[in-house]
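# Descriptive structure summary
As a plain string of letters, each chain reads:
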2 protein chains.
Amino acid sequence: MNRPQPIEKMVEIIKKLPGIGPKMAERLSYHILKMPSGEIEKLIDAIQKARQTLRYCSSCFNLSESDPCPVCSDSQRERGIICVVETPQDLIAVSKAKDYKGLYFVLGGALSPLDAVGPQDIRIDKLLKRLKSDNISEVILATDTDSKGETTALYLAEIIKPMGITVTRLGYGLPVGGDIEYADELTISRAISGRKEM
Amino acid sequence: MNRPQPIEKMVEIIKKLPGIGPKMAERLSYHILKMPSGEIEKLIDAIQKARQTLRYCSSCFNLSESDPCPVCSDSQRERGIICVVETPQDLIAVSKAKDYKGLYFVLGGALSPLDAVGPQDIRIDKLLKRLKSDNISEVILATDTDSKGETTALYLAEIIKPMGITVTRLGYGLPVGGDIEYADELTISRAISGRKEM
């Protein structure tokens, strides 16, 4: 026998979620069926509430319940520095480091010629507009260190530098708590060229 | 900044699903937020429909839209053999092999003393009741081959054999398409003792 049609449908939708294969989708579907109905209602409620209440901040495109978002409306922050990240999740990760007191800009992705994601598909225009209208002295490029993030950083640096704005990139090196044995060569060579006197 | 409260709530619920850690839960939550609303409605609809229409077959405890389920109501099947599985997913996997023409029984789990799952927590009583009332000549134990499944099979064999019913266990050996190099010792020794003349 095949899976009953209603489960088939759940699996069909769930397996399209990122990082979830057909087996995992099946496992999740059967699990969801067995969950107490209160739990399911809570999940559906949470999804609906999140989708209703969250919006993009019109200044940095962070996801937030308010516009401008709590970061942009925080008067304690330095308004002359912008940290450019790919996603709202990246913004939260950087903000947890607590060393950075400037503002942010969420691109909403990274350039990826292979996936046909060009400059018009992420918020590069909006970033440039903001750089022109606000008085920005430094842009920190905190895109991912994979090839898409690197491409995006190079592309942005080339456009932003001629505007007279300092462009920096997050430092490369060994992750804290990491084991040198397992670090890849590229990371080690970046860590060597970025070495500091103790 | 922390994650906005509505996302936090989604992550909180999603990370309780099996096989999903906090990072994956975050990734899924942000993905769900970005999905077109039609897609979300489809997912919620599918979950609700599956939960409303699916029930346990009162004979084999398979999940089905009808009771008895399509397998139990199939008059072509041999009614004297029962294949005992742990979950409805296992039933579907066995039925896909197509060699088996008998009926099934879904235990709804496996014995696991460490997790405090005893005989009263799975459908052992109901299985024994069915074995007594129906005219069953053979029970095939198709529980998993992990320690829980093995324990359950041994426990069931000990109870069912005295009832004069033949008890068999699925054959062990190398999985088809597998690489001997990567098979574990126990599987190889089971495959050797289960070798067949060609």
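Parameters and conventions
Per chain, the residues get numbers from 1 upward, laid out in the order the sequence is written. Working convention: letters from A go to chains and numbers from 1 go to ligands, in the order in which they are written. For a predicted model such as this one, the threshold for reporting local features is a pLDDT of at least 70, and the threshold for listing and counting side-chain atom pairs is 80 or more; totals across whole chains, interfaces and linings nevertheless cover every residue. Hydrogen atoms and water are omitted, and side-chain values are computed over all heavy atoms in the structure. Alignment of the copies relies on least squares applied to C-alpha atoms, considering only residues that score at least 70 for pLDDT in both. Known as pLDDT, the predictor's confidence for each residue is given on a scale from 0 to 100. Counting from the N terminus, the helices are the DSSP runs of H or I reaching at least four residues and the strands are the DSSP runs of E reaching at least two. It only takes one pair of heavy atoms within 4.5 Å for two residues to be counted as in contact. Buried area: the accessible area, evaluated with a 1.4 Å probe, that two parts lose upon being put together, summed over both parts. The working definition used for a salt bridge is a side-chain nitrogen of Lys or Arg within 4 Å of a carboxyl oxygen of Asp or Glu. Whenever two N or O atoms come within 3.5 Å, that pair is a polar contact, provided that in protein one can donate a hydrogen and the other can accept it, and provided that, for residues adjacent in sequence, both atoms are side-chain atoms. Only Asp, Glu, Lys and Arg are considered charged, only Ala, Val, Leu, Ile, Met, Phe, Trp, Tyr, Cys and Pro nonpolar, and every remaining residue, Gly among them, polar. If DSSP finds at least two bridges between two strands, the strands pair. Orientation is described by lines fitted to C-alpha atoms, with helices fitted over the stretch in contact, and by angles between N-to-C directions that extend from 0 to 180 degrees. Domain limits in this description derive from either an automatic procedure or a database domain assignment. Definition used in this section: a nonpolar core is a set of buried Ala, Val, Leu, Ile, Met, Phe, Trp, Tyr and Cys residues joined via side-chain atoms within 4.5 Å. When accessible area is computed with a 1.4 Å probe and restricted to protein chains, residues below 20% of their type maximum are described as buried, those above 50% as exposed, and intermediate ones as partly exposed.

## Considering the relation of the copies chain A and chain B
For the match of chain A to chain B, the screw axis carries a shift of 0.0 Å, the RMSD comes to 0.1 Å, and the turn is 180°. Put plainly, the chains are arranged around a two-fold axis. If distances are taken from each C-alpha of chain A to the rotation axis, the shortest is found for A:Ile44, at 3.5 Å.

## Digging into the confidence of the model for chain A
Keep in mind that low pLDDT regions are not for reading the predicted coordinates in detail. Residues and elements named next belong to chain A. Residues of chain A with pLDDT of at least 70 account for 100%, and the chain-wide mean is 90. Least confident of the elements in chain A is helix 7 (residues 185-193), whose mean pLDDT is 80; most confident is strand 4 (residues 103-106), at 96. For this predicted complex, the interface confidence score (ipTM) comes to 0.78, while the overall pTM stands at 0.75.

## Concerning the interface of chain A and chain B
Contacts between the two partners involve 50 residues from chain A and, on the opposite side, 50 residues from chain B. Interface of chain A and chain B: buried area, both sides summed, is about 4600 Å²; carbon and sulfur atoms make up 74% of it. Its largest share of buried area at the contact with chain B, chain A owes to A:Met1, A:Pro18 and A:Arg51, together 17% of the area lost on that side. The tally of links between chain A and chain B comes to 0 salt bridges. For the pair chain A and chain B, the interface holds 6 residue pairs in polar contact (both at pLDDT 80 or more). At the level of elements, helix 1 (5-14), helix 2 (22-34), helix 3 (37-53), strand 2 (63-64) and helix 4 (88-96) of chain A are the ones that each hand at least two residues to the side of chain A that touches chain B. When residues in the side of chain A that touches chain B are grouped by element, the largest group, 11 residues, is from helix 3 of chain A. Considering only residue class, the side of chain A that touches chain B consists of 30 nonpolar, 11 polar and 9 charged.

## A few points about the sheet that holds strand 3 (residues 81-85) of chain B
Strand pairing within a sheet occurs via backbone hydrogen bonds; the two strands may be parallel or antiparallel. All names here are of chain B. Strand order across the open sheet formed by 4 strands is 4-3-5-6, with parallel pairing between neighbours. One side of each edge strand has no neighbouring strand; the edge strands of this open sheet are strand 4 (103-106) and strand 6 (166-169). Neighbouring strand axes in the sheet, compared pairwise and without regard to direction, differ in orientation by 25° on average. Packing of helix 4 (residues 88-96) onto the sheet brings it into contact with strand 3 and strand 4, and relative to strand 4 it is tilted by some 155°. On top of the sheet, helix 5 (residues 124-133) reaches strand 3, strand 4 and strand 5 (138-141); it is set at about 155° to strand 4, its chief contact.

## A closer look at the domain arrangement of chain A
The domain architecture assigned to chain A consists of domain 1 (5-53) and domain 2 (71-169). Put simply, the middle of domain 1 of chain A and the middle of domain 2 of chain A, counted by C-alpha atoms, are 34 Å apart.

## A few points about the nonpolar core
A:Ile14, A:Ile20, B:Ile14 and B:Ile20 are the most contacted members of the largest nonpolar core, which has 46 residues in total. Elements with a minimum of two residues in this core: helix 1, helix 2 and helix 3 of chain A together with helix 1 (5-14), helix 2 (22-34) and helix 3 (37-53) of chain B. Setting aside chain neighbours within four positions, we find A:Ile14 in contact with A:Ile20, A:Ala25, A:Leu28, A:Ser29, A:Ile32 and B:Leu43.

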